[in-house]
Structures are given as structure tokens and as C-alpha cells.
Amino acid sequence: SRKLNADEVKLHQAALAANEKTLTVKDAEKLLSDPMTRMATINFLLGAICEGYVQGSGGVNAFRAVVKNEMDIKKDMSPGQSMVLRHIQASRNDGIWPKHLKTKTELHKTVTGRCLKSLVHKQLIRSIKAVWHPTRKIYIPAHLEPLVELTGGPWYTDSELDTESTKLLSTVCLHYIRDRSFPKQSGKQSAQGQLRLYTIGTAPSYSSAQQIQHFLSKSKITETELGVEHVEMLLRVLELDGEVEMVGPPVILSRVVCIMLSLLDPCIHVQCLGSRSGV
């Protein structure tokens, strides 16, 4: 086949540099404004060195660049392997079970199994275990990360819930919030179980999920990378356990502070308990 022209190189390089080597149609429009040129360029790339249209993130139409070694591997594939690969690529990071593959391809179970084994060996696909069905293999394209719903995210290790790690992180979050919910206590007050409170005018800005996530990341308590959404999950558990209270999302403070301040000021009571009815 002929060499790529300037427009084709431009789109192909952009696809290679993009996340998951996938370029959306909107991205292509930004790079090549002329519709006729853009369509001709995309059509040539799809027939030469890019995959057909795939569903990008959010269901957006896109196409994925194929590197040279991947193209060479695909040339030697059997029709059955090509069919199985197409269905796995279409499933993206949702993955697909062998049973569903067999139904979609109408291939014999033994043939489907051989195709899967060959594609895994060629490093075009990989198998994962879903936390809800640990005995079943799910296949996804090798270059994609599976959905959190399949792997369980940072709370699961080898498809098993890591309860010790989760409890440790929850405890660290709780201590972080408590340390910022009360003024420093003297040794005598701590021994007597007394709690000092901030006065209304001197109360600090209480802890947010973003601040706690930054603290966890900086302290290196866990090697697992936690996002703000993961911290919010931990805080939700603490809230359900009655350990913390939400104050005007996304701020968290100790439940003890809420209860004690509610005795001093009904308005604070309303704010802490998240209900403004009758105010």
C-alpha cells in the first residue's frame, strides 16, 4: 500500500498519542476541518492501519490506531480468531464471557476456546476475574483496564475483599477528621474524657474528601492509588457507622461535634443533621 499523506499521518499520530490510542470523530473534526478531506482520510486509515469504529468512553464513536507489530500479528489470524477479537474489542472494558462469545460468533465451544488461547498468547486480549463471579473468566482487549465494577477497585486484591486494608484506611480517615474537629486536648481533659469545643467564631474549616485524599496520598499509608471517589466511599461507611456527619457537602466533621454543638445552637443542629425543614 502507498505511504500515508500529511493528513493521514496527522490523524494517525494523534490517535497513537491519545488515551487508549483512540481518537473520537470530534477530535478528528478539530484536526481536519474540511469534511471531504476528513472522511477520505478516516476511510483510508480504517482500511489500512486503524480499527473500524468502536464505542469510545461514554458511547462516543471513535477509531483506534493500530501499531505495526499488532498489524503484523493480525495478518496471520484465522477467520475465527478475527471474529472473536472483533467481539472482544466491541465489548471494550466491560469484557465478555466465553459463553456469550460462543453465542455471538456461533462457533463451537472448542473452537472458541482455541481462538481465545491464541489471542491471549499474541497479547491482543487478556482474561480477568470479576469479583462477583470469581470462577468465570472475562476477556477484554489487552490495552484496556477493566471497569471498577468488575475488579472491585482498590478494595479487592486477587478478587477478594481486603477487609484489613479497608479498616485501616477508614480508621486513618476517622483520626484525620477528629484531629481537625476539636481543639487540642490537655492530658487531664483526655484522661477525664472531657472534650473541648471550638467557639462558634473560631471553628476551623472541616475536612473535605479532597483534603483527606491528598493526606492519604502524601502519607504513603497504602501503595494503592486512591481517588477522591474512593475516599468518599470510606467516608460514607464512617457516616453509616455513626462516626462522622456530613456538613453541607462535601465537608465532613466528627458526629460528636455535631451532637454537642446542636445542644448549643439549634441552627447548627439543623445544619449538622442535613435537614432545613421548618427553618
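Preceding this section is the structure that the text describes.
Computed from a prediction, not measured in an experiment: that's the story for all the values here. (Residues numbered from 1 in each chain as written. Predicted model: local features only at pLDDT ≥ 70, side-chain atom pairs only at ≥ 80, totals over all residues. Heavy atoms only, no water.)

## Comments concerning the side chain of Ser 170
Basically, it comes down to this: Numbered from the N terminus, helices here are DSSP runs of H or I no shorter than four residues, and strands are runs of E no shorter than two. To sort residues, take the accessible area from a 1.4 Å probe on protein chains only and compare it with the maximum for the residue type: under 20% means buried, over 50% means exposed, and anything in between is partly exposed. Polar contacts, as counted here, are pairs of nitrogen or oxygen atoms within 3.5 Å of one another; within protein the pair requires one atom able to donate a hydrogen and one able to accept it, and residues that are adjacent in sequence qualify only if both atoms are side-chain atoms. Contacts are assigned to residue pairs that have any heavy atoms within 4.5 Å of one another.
The topology assignment puts Ser 170 in helix H9 (residues 163–179). Its relative accessible area of 10% is what places Ser 170 among the buried residues. A polar contact of 2.9 Å, which involves the side chain of Ser 170, links it to the backbone oxygen of Thr 166. Excluding anything up to four places from it in sequence, Ser 170 contacts Leu 234 and Leu 238.

## A closer look at the nonpolar core
Here is the rule we go by: The set of buried Ala, Val, Leu, Ile, Met, Phe, Trp, Tyr and Cys residues whose side-chain atoms join them within 4.5 Å is what this entry labels a nonpolar core.
Residues Leu 169, Cys 173, Ile 212, Leu 216, Val 231, Leu 235 and Leu 238 are the most contacted members of the largest nonpolar core, which totals 16 residues. Those elements giving two or more residues to this core turn out to be H9, helix H11 (209–219) and helix H12 (228–240). Residues within four places of Leu 238 in sequence aside, it is in contact with Ser 170, Cys 173, Leu 174, Glu 243 and Val 244. Ranked by size, the runner-up nonpolar core spans 13 residues in total, among them Met 77, Val 84, Ile 88 and Tyr 139.

## Overview of the packing of helix H6 (residues 98–105) against helix H7 (residues 109–121)
The criterion, for reference: All axes here are fitted lines through C-alpha atoms, helices being fitted over the stretch that makes contact, and every angle between N-to-C directions spans 0 to 180 degrees. Angle categories: roughly parallel below 35 degrees, roughly antiparallel above 145, roughly perpendicular from 65 to 115, and oblique for all the rest. Each crossing is labelled by how the near helix is turned from the far one, with a counterclockwise turn of less than a right angle marking it left-handed and a clockwise turn marking it right-handed. Under the scheme applied, nonpolar residues are Ala, Val, Leu, Ile, Met, Phe, Trp, Tyr, Cys and Pro; charged residues are Asp, Glu, Lys and Arg; polar residues are all the others, including Gly.
Here H6 crosses H7 at 115 degrees, and the two axes come no closer than 10 Å. If you check the angle between H6 and H7, you find them roughly perpendicular. The two elements H6 and H7 cross, and the hand of that crossing is right-handed. Of the residues in H7, those touching H6 at Pro 98, Leu 101, Lys 102 and Thr 105 are Lys 109, Thr 112 and Leu 116. By residue class, the composition of the contact of H6 with H7 is three nonpolar, two polar and two charged.

The values reported here are purely geometric and, on their own, carry no functional implication.
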